[in-house]
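Fold and contact review
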Amino acid sequence: VQLQASGGGLVQAGGSLRLSCVASGSIFSSDRMGWSRQAPGKQREWVARISSDASTTYADSVKGRFTISRDNAKNTVYLAMNSLKSEDTGVYYCYSGYYSSPTSSWGQGTLVTVSS
């Protein structure tokens, strides 16, 4: 599976961004998809996931502010981020599969910078 993430950028605190991740090389509609992030100097942390039936789960740190969704016709998963905080700054990675599985596929990451 190849994953291409985009949509990162510089935004002021309180602002919004929408990340996109286009997948190829798999039956996308059957895949569990997710996002994780890595802040400068910190370990990567899981952010959100969406199952093939569109059920979603979020980390407590983003619950109520971020929304993960998918468009199977476009082989794309999205992460809509609202009410952004400086602590949301980091490189955001999309993945296909299970977050901790060695067989999961990962995108190249897109940088989100939230200025306070």
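Everything below is about the structure shown above.
Let me begin by describing the structure that accompanies this report. (Residues numbered from 1 in each chain as written. Predicted model: local features only at pLDDT ≥ 70, side-chain atom pairs only at ≥ 80, totals over all residues. Heavy atoms only, no water.)

1. Quick word on the overall build of the protein chain
Per the secondary structure count, the protein chain includes zero helices and eleven strands. Starting at the N terminus and walking to the C terminus, you meet the elements of the protein chain as β-β-β-β-β-β-β-β-β-β-β. Each principal axis of the C-alpha atoms in the protein chain carries an extent, and together these give about 40 × 25 × 25 Å. Sorting the 116 residues of the protein chain into buried and exposed places 44% on the buried side. For the protein chain, the share of sequence-separated contacts (at least 6 apart) that also reach a separation of at least 24 residues comes to 53%. Entry remark: accessible area of the protein chain is about 5,900 Å², with carbon and sulfur atoms responsible for 47%. (Helix = DSSP H or I, 4+ residues; strand = E, 2+ residues; numbered from the N terminus. Buried < 20%, exposed > 50% of the residue type's maximum accessible area, 1.4 Å probe, protein only. Contact = heavy atoms within 4.5 Å. Areas by Shrake-Rupley, 256 points an atom, 1.4 Å probe, with all protein chains shown as cover.)

2. Observations concerning the environment of P102
By the element assignment, P102 lies in the loop between β9 (90-96) and β10 (105-106). For P102, a relative accessible area of 81% puts it in the exposed group. On a C-alpha basis, the gap between P102 and S61 in space is 25 Å, while along the polypeptide they are 41 residues apart.

3. As for the state of the cysteines
Summed over the entire model, instances satisfying the criterion amount to one disulfide. In this model C21 forms its disulfide with C94; the gap between the sulfur atoms is 2.0 Å. Because the torsion about its S-S bond is 55°, the bridge between C21 and C94 counts as right-handed. Note that C21 is positioned in strand β3 (residues 17-24) and C94 in strand β9, a separation of 73 residues in sequence. Each member of the pair, C21 together with C94, is buried. (Disulfide = S-S within 2.5 Å.)

4. So, the sheet that holds β3
Taken in spatial order, the four strands of this open sheet run β1-β3-β8-β7, and their pairing is antiparallel. Looking along the sheet, the strands with just one partner apiece sit at the ends: β1 (2-6) and β7 (66-71). Across the sheet, the axes of successive neighbouring strands diverge by a mean angle of 15°, strand direction being ignored. Strand direction decides the pairing type here: β1 and β3, joined by five bridges, are antiparallel. Counted as the bridge partner of S6 is S20 from β3. (Pairing = 2+ DSSP bridges. Axes fitted to C-alpha atoms, helices over the stretch in contact; angles between N-to-C directions.)

5. Description of unusual backbone geometry
The phi torsion at A54 lies on the positive side, around 75°, for a residue other than glycine. Inspection of the secondary structure puts A54 in the loop between β5 (44-50) and β6 (56-58). A54 gets classed as partly exposed once you look at its relative accessible area, which sits at 44%. At N75, a residue that is not glycine, the phi angle is positive and equals roughly 50°. Taking the relative accessible area as the measure of exposure, N75 reaches 25% and is therefore partly exposed.

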